[in-house]
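Secondary and tertiary structure notes
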There are 2 protein chains.
Amino acid sequence: MLGNLHPLTQQSVLDQMSKKPKLAILDTMNFWMDIAMDDLKAVIKNIDVITINDEEARQLSGEYSLVNAAKKIHEMGPKYVVIKKGEHGALLFSEGNMFYAPALPLAEVFDPTGAGDTFAGGFAGYIAKTGNISFENMKKAVIYGSALASFCVEKFGTERMLTLTDKEIFERLQQFKDLTQFDIEIN
Amino acid sequence: MLGNLHPLTQQSVLDQMSKKPKLAILDTMNFWMDIAMDDLKAVIKNIDVITINDEEARQLSGEYSLVNAAKKIHEMGPKYVVIKKGEHGALLFSEGNMFYAPALPLAEVFDPTGAGDTFAGGFAGYIAKTGNISFENMKKAVIYGSALASFCVEKFGTERMLTLTDKEIFERLQQFKDLTQFDIEIN
């Protein structure tokens, strides 16, 4: 998991690994697109998953539609593209497949700082723990990351994460299920 | 289904019905909130479902959080509150239950005119056809309305709706399932 740093630093981390990782995830932001786009494009070629927000996906691809933006970014290298839309959730794209995880609508957002990083941490942690990089499992990782991020915004900075229990996470995952699952007859 | 007209006209339609309908749905907009808020609040007391967009939900309730806005609007009368968020989907609230239907991410939106009305028509049509006003069935109605709205924006005005086939609708519903359904273990 390459955190949001200068793309040359991210590439240097990859270069120091004697064995190619099973899955490399890269997080980045508009700042690096503004001052080091060529370096960013070079490292993007070498990773499997990119996580960016909607505006950054548009800047990186030059496409307004997120569907078209994801297509262009796939062509730059990453097999998986995760586009974070803040309070509107996150989209996962891979090989013509698309998955949408909503953000949990909350009565109060105390402090959104760190929500994106918490999402990325939960996403990467779920994949690392399960060791499964199929699209089906990556959908679950997006839900897991979204659930963790929904806790992060409840308190200041990382405060809420320090006291988080498994039970609370399981209850929140159930809320995500209740929020999104339906069973419509198709015939 | 009371379309988006002056609230006094909406109330007059209700008054002309000799038998109270099983379910009354009301659509409205910011314009009526600006010029006829008292009349709007009066008719809202007499209906079961309100469909409005996110900004209108905030204006009507005075609450920024959509969760809190829905709670306030429930207290004004409607048992069901549907909040439309355009390209970000729609939320359904009722008695502490919450459901989120995404909008289908599209490569191209040709003309968004009529998407909200198509959503309302598909929503009301699904409920009328199934005759079931449970929360579970209303979730399906929100998905059905979202699927129809995703066609509406593909062409100008109502053009796309005129040629729409059952097969196309079923395929689109399947896309909504693929887009949102997941199976994460909770234990």
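Look above for the structure.
Computed from a predicted model, the values in this text were never measured in an experiment.

This paragraph deals with the interface of chain B and chain A. Interfaces are often sized by the amount of accessible area the parts lose when they come together. Facing the 38 residues of chain B at the interface are 38 residues of chain A. When the two sides are added together, the surface that chain B and chain A hide from each other amounts to roughly 3700 Å², 60% of it contributed by carbon and sulfur. A per-residue breakdown of the area chain B buries against chain A is headed by Y100, F182 and I184 of chain B, which together make up 19% of the total. At the junction of chain B and chain A, the tally comes to 4 salt bridges. In this structure, the salt-bridge partner of K177 of chain B is D183 of chain A, at a minimum N-O distance of 3.8 Å. Between the two partners, chain B and chain A, sit 25 residue pairs in polar contact (both at pLDDT 80 or more). Broken down by secondary-structure element, the contributors of at least two residues to the side of chain B that touches chain A are α4 (66-75), β5 (97-101), α6 (135-152) and α8 (166-180) of chain B. Among the elements that make up the side of chain B that touches chain A, the one with the highest residue count is α8 of chain B (8 residues). Its residues assigned to classes, the side of chain B that touches chain A shows 22 nonpolar, 7 polar and 9 charged.

A few words on the sheet that holds strand β4 (residues 90-94) of chain A. Residue and element names in this part refer to chain A. Ordered by their spatial adjacency, 5 strands build an open sheet running β1-β2-β3-β4-β5, and the pairing between neighbours is mixed. The strands lining the two open edges of the sheet, one partner per strand, are β1 (25-27) and β5 (97-101). For this sheet the average axis-to-axis angle between neighbouring strands, irrespective of direction, equals 15 degrees. Judged from the 5 bridges that link them, strand β2 (residues 49-53) and strand β3 (residues 80-84) form a sheet pairing that is parallel. Bridge assignment links V49 to a residue of β3, and that residue is Y80. Of the strands in this sheet, β2, β3, β4 and β5 are in contact with helix α4 (residues 66-75), which crosses β4 at around 45 degrees.

This part is about the nonpolar core. In a soluble, globular protein the nonpolar side chains are often hidden away together inside. I50, L60 and F123 of chain A together with I50, L60 and F123 of chain B are the most contacted members of the largest nonpolar core, which totals 116 residues. With sequence-adjacent residues up to four places away left out, F123 of chain A is seen in contact with I25, V49, V82, M138, A141, V142 and G145 of chain A.

Cut-offs applied
Residues numbered from 1 in each chain as written. Chains lettered and ligands numbered in written order. Predicted model: local features only at pLDDT ≥ 70, side-chain atom pairs only at ≥ 80, totals over all residues. Heavy atoms only, no water. Contact = heavy atoms within 4.5 Å. Buried area = accessible area lost by both parts, 1.4 Å probe. Salt bridge = Lys/Arg side-chain N within 4 Å of Asp/Glu carboxyl O. Polar contact = N/O pair within 3.5 Å; in protein donor to acceptor, adjacent residues only side chain to side chain. Helix = DSSP H or I, 4+ residues; strand = E, 2+ residues; numbered from the N terminus. Nonpolar A, V, L, I, M, F, W, Y, C, P; charged D, E, K, R; others polar. Pairing = 2+ DSSP bridges. Axes fitted to C-alpha atoms, helices over the stretch in contact; angles between N-to-C directions. Core = buried A, V, L, I, M, F, W, Y, C linked by side-chain atoms within 4.5 Å. Buried < 20%, exposed > 50% of the residue type's maximum accessible area, 1.4 Å probe, protein only.

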